[in-house]
Amino acid sequence: MRLFKKSHLKTTLLLVLIAISVLPALLISSYLLSQFRQINKEVEVEKLQAQTQSAKAEIYFKIKQLSLALEQASTDTNVALAAHTGIFGFRARLKLNSIRNQSQLATSVLLVDTNLRAIEASPLAAELIDHNELNQQFQDSIQQGYKAQFSSHILDTPQMLIEERKIYEKNSIDIKSEQSLIFIAPLILSETQTVDDNAKLTGLLVAIIPLESLYKDIQSVTPLVLLDQITYKTQPLISSISTPKDRISVESRLSFDKNNTDLKLKYSIDKAAAFASVSDLQHEYIIITILFLSIVLGLSIFISGLITKPLKALSDLVQTYAAGNLRPQKVKLNFIEIQSIVYVLYKMAQRINKDQQELETRVEQRTVELKQAVDELSVTLAQLKQTQSQLIESEKMSLLGQLLAGIAHEVNTPVGVSITASSMLTEQIKQLNNKFNNASLTKSELDGFIKQISECSLLVEKNLGRASELIQNFKSVAVSAESENPRIFNVKNLLIDVLQTLKLELEKQQISVTISGEEKLEIYSQSGALAQIISHLILNAVRHAFNHSENNQIVIEFSKIANRLVILFKDNGSGVSDKLLDNLFAPFYDHLNKNNNTGLGLNIVHNLTTQALKGEIKAFHAKPSGLVFEIYIPLK
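Residues take numbers from 1 onward in each chain, read along the sequence in its written order. Local features are withheld for residues below a pLDDT of 70 in this predicted model, meaning they are given only at 70 or higher, and side-chain atom pairs are given and counted only at 80 or more; totals for whole chains, interfaces and linings count all residues. Note that the side-chain values use all heavy atoms of the structure and ignore hydrogens as well as water.

### What about the overall build of the chain?
Part 1: Broken down by element type, the chain carries 17 helices and 16 strands.
Part 2: Working rule for contacts: check all heavy atoms of both residues, and any pair within 4.5 Å makes them a contact. When contacts within the chain are restricted to residue pairs at least 6 apart in sequence, those whose partners lie at least 24 apart make up 69%.
Part 3: We get accessible surface area from the Shrake-Rupley algorithm with a probe of 1.4 Å; when it comes to residues, only the shown protein chains can shield them. Carbon and sulfur atoms form 55% of the exposed surface of the chain, whose accessible area is close to 37,300 Å². Working definition: helices are DSSP H or I runs of at least four residues, strands are E runs of at least two. Numbering for both runs from the N terminus.

### Some words on the confidence of the model for the chain
Part 1: Here the chain shows a mean pLDDT of 76. Residues at 70 or above account for 77%.
Part 2: Within the model, the stretch residues 192–196 combines pLDDT values under 50 with four contacts to residues more than four positions away or in other chains. pLDDT runs from 0 to 100 and stands for how confident the predictor is about each residue.

### Observations regarding the sheet that holds strand S1 (residues 108–113)
Part 1: Only strands joined by at least two bridges in the DSSP assignment are considered to pair. Judged by pairing direction, the sheet is antiparallel, and its five strands sit side by side in the order S2-S1-S5-S4-S3 without closing on themselves. Each having just a single partner strand, strand S2 (118–122) and strand S3 (151–156) make up the two edges of the open sheet. Sheet twist, expressed as the mean angle between neighbouring strand axes with direction ignored, is 25°.
Part 2: Where S1 meets S2, four bridges bridge the pair, whose relative direction is antiparallel. Residue pairing across strands places Leu110 opposite Ala121, the latter belonging to S2.
Part 3: Angles run from 0 to 180 degrees between N-to-C directions of axes, and those axes are lines fitted to C-alpha atoms, restricted for helices to the stretch in contact. Strands in contact with helix H3 (residues 77–84) are S1, S2, strand S4 (179–187) and strand S5 (203–210); relative to S1, the strand with the most contacts, it is inclined by about 60°.
Part 4: Against the sheet, helix H5 (residues 135–143) touches S1, S3, S4 and S5, its axis set at about 145° to S5.

### With respect to the packing of helix H13 (residues 491–501) against helix H15 (residues 527–545)
Part 1: For the pair H13 and H15, interaxial distance at closest approach is 10 Å and the crossing angle is 45°. By the angle between their axes, H13 is oblique relative to H15. As H13 packs across H15, the resulting crossing turns out to be right-handed. Judged by residue contacts, Leu494, Leu495, Val498 and Leu499 of H13 engage Ser527, Leu530, Ala531, Ile534, Ser535 and Ile538 from H15.
Part 2: For the contact of H13 with H15, the residue count by class is eight nonpolar, two polar and no charged. An angle below 35 degrees is treated as roughly parallel, one above 145 as roughly antiparallel, one from 65 to 115 as roughly perpendicular, and anything else as oblique. Working rule for handedness: look at the near helix, and if it is turned counterclockwise from the far one by less than a right angle, call the crossing left-handed; if clockwise, right-handed. Note that Gly is not counted as nonpolar here; it falls among the polar residues with everything else outside the nonpolar set of Ala, Val, Leu, Ile, Met, Phe, Trp, Tyr, Cys and Pro and the charged set of Asp, Glu, Lys and Arg.

### Points about the environment of Gln137
Part 1: In this fold, Gln137 is placed in helix H5.
Part 2: In this scheme, a residue with accessible area under 20% of its type's maximum is buried, one over 50% is exposed, and one in between is partly exposed, where area comes from a 1.4 Å probe on protein chains only. On the basis of relative accessibility, which here comes to 18%, the residue Gln137 falls in the buried class.
Part 3: Sequence separation between Gln137 and Leu155 is 18 residues, and the spatial gap between their C-alpha atoms is 9.1 Å.
Part 4: The contacts of Gln137, once residues within four sequence positions are left out, are His153, Leu155 and Ile184.

### What to know about the sheet that holds strand S6 (residues 226–232)
Part 1: Taken together, four strands build an open sheet; the order of strands is S7-S6-S9-S8 and the sheet is antiparallel. Looking at which strands have only one partner, the edges of the open sheet turn out to be strand S7 (235–239) and strand S8 (247–255). Across the sheet, the mean angle from the axis of one strand to that of its neighbour is 25°, orientation sign disregarded.
Part 2: Inspection of the sheet shows S6 paired to S7 by four bridges, in the antiparallel sense. The residue of S7 that forms the bridge with Ile230 is Ile238.
Part 3: Together, S6, S7 and strand S9 (262–270) form the strand contacts of helix H8 (residues 211–221), whose direction differs from that of S6 by roughly 140°.

### Describing the packing of H3 against helix H4 (residues 89–103)
Part 1: H4 packs onto H3 with a crossing angle of 120° between their chain directions and a minimal axis gap of 8 Å. It follows from the interaxial angle that H3 and H4 lie oblique. For the pair H3 and H4, the sense of crossing is left-handed. Taking contact as the criterion, the partners of Asn78, Val79 and Ala82 in H3 are, on H4, Gly89, Arg91, Ala92 and Lys95.
Part 2: Of the residues belonging to the contact of H3 with H4, the class tally is three nonpolar, two polar and two charged.

Below is the structure:
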């Protein structure tokens, strides 16, 4: 869809027409070709299986022929006596030559006596080969005595095969193996076996077929099919030198006797040769498809041009209207449907011209009205901003007045004591001066005057120091957040100073305040802004949280977490509703609607926290009652 949105209609129509006409043909043809390829593959597999079955039958016949020849020769008295006594050796050799010539598989046939020696062989050179690798199998057969049976074995005979290859070197192939297929037929005199069931073997008749020779014979039976591999159980015994990857493979089993001496044969055929007919058909299909596409492309271009020509005229007309030229135009086109659209556009252009004129008149009138309204709103907004600033300053001055009242109450006591002490000090000095002038001053009186003067001076110094400390606390609390520079201060000491300035307000409501936090925690921030935040929160609780009840408590907890100062301000007052909680920091929002409340206290707290200290503040319901304020202030 995105391609169609950005393409010309003619291109889109071409693509659609080609897709409608070509895609079904391509899909059907591709499906038929894939089916034909699958059928052809199945046919080739069946042919391959038939060839391998034929080859297996032929090799099995040769092996069976060799087995029967060995079993028949094992009952020949001359052969049995040759192994037992050494006589009739010439006749035994002729028998061995006959077996090897008939089978065409065995490279050598041996006559082995009970001492595991090859006393006769065909060919004669095989008698000189070291057959020690077969001795264990010979020994097992001889130990079975007259119970020994004809058997076949797959054995590892690498050393024996080196000497065997010298015998049949003229028939050697490139592929070599280290295993041999061994047939063993026990030799028992038939007359002895009849008379004595415990008669022993006279020897063994052995046929040796190297697997490389068997591979060559199997491959010669199926020259058009490649024998990839011969496997015994799960062990590959012999493989072709190089097998192409893209081939069709089948497997077949070749059995020799009842001992499950089976070989698995894996055949394969080249896919390219197997699918030659399919490839030819595919080439013809490509040529036909190209011709068909050429015809479809020509027809598509003609049809798309026939459709897009009137549409282009319609598009030009719409673009003319869109450019602002709304002069009604009549265009004649061939298609009735498109002509109807042109007529509708003509009527729309007429109506738009008329509406445009009316709209311009209305816009001029509304513009004048809006300008007047904007001027009035600007004046009102300026007045509101001025009023808000005045109210904020009023709230700040109210806080400052309460701080002054508290500090005046606290300062009054040390100042009064200092005045009384200084009056006493003045009176004592006058008396001392009179006695001194009258020359009636005694030493004891002088000591008494000095002691009283010292006590009065100490009392004045102590109380004036207390007054100075209270005034200094007031200065640190009342400093403006806008003009203050950051400094290092102790958090708990600052909170204690704030409580000291508001002690009068807290005592009136009988409110106890608990401060909890690290004693020596010092931070680098604006102490005045933080002091004003805590002051506003305390005054807000004093004004709104407690209804002259008992056990009024405020808890202030502070800690440093992840480079932030975290303050929890909790009270056990009456709390607020959910609606008020959502608007708690909004300006001019006072749920008690008292005339002496501006509704800016918590708004100032919010502004100081977020703007002056770049932090954040949240409010929650406390359990079982009251409010919790969480304040997070980033630290440098």
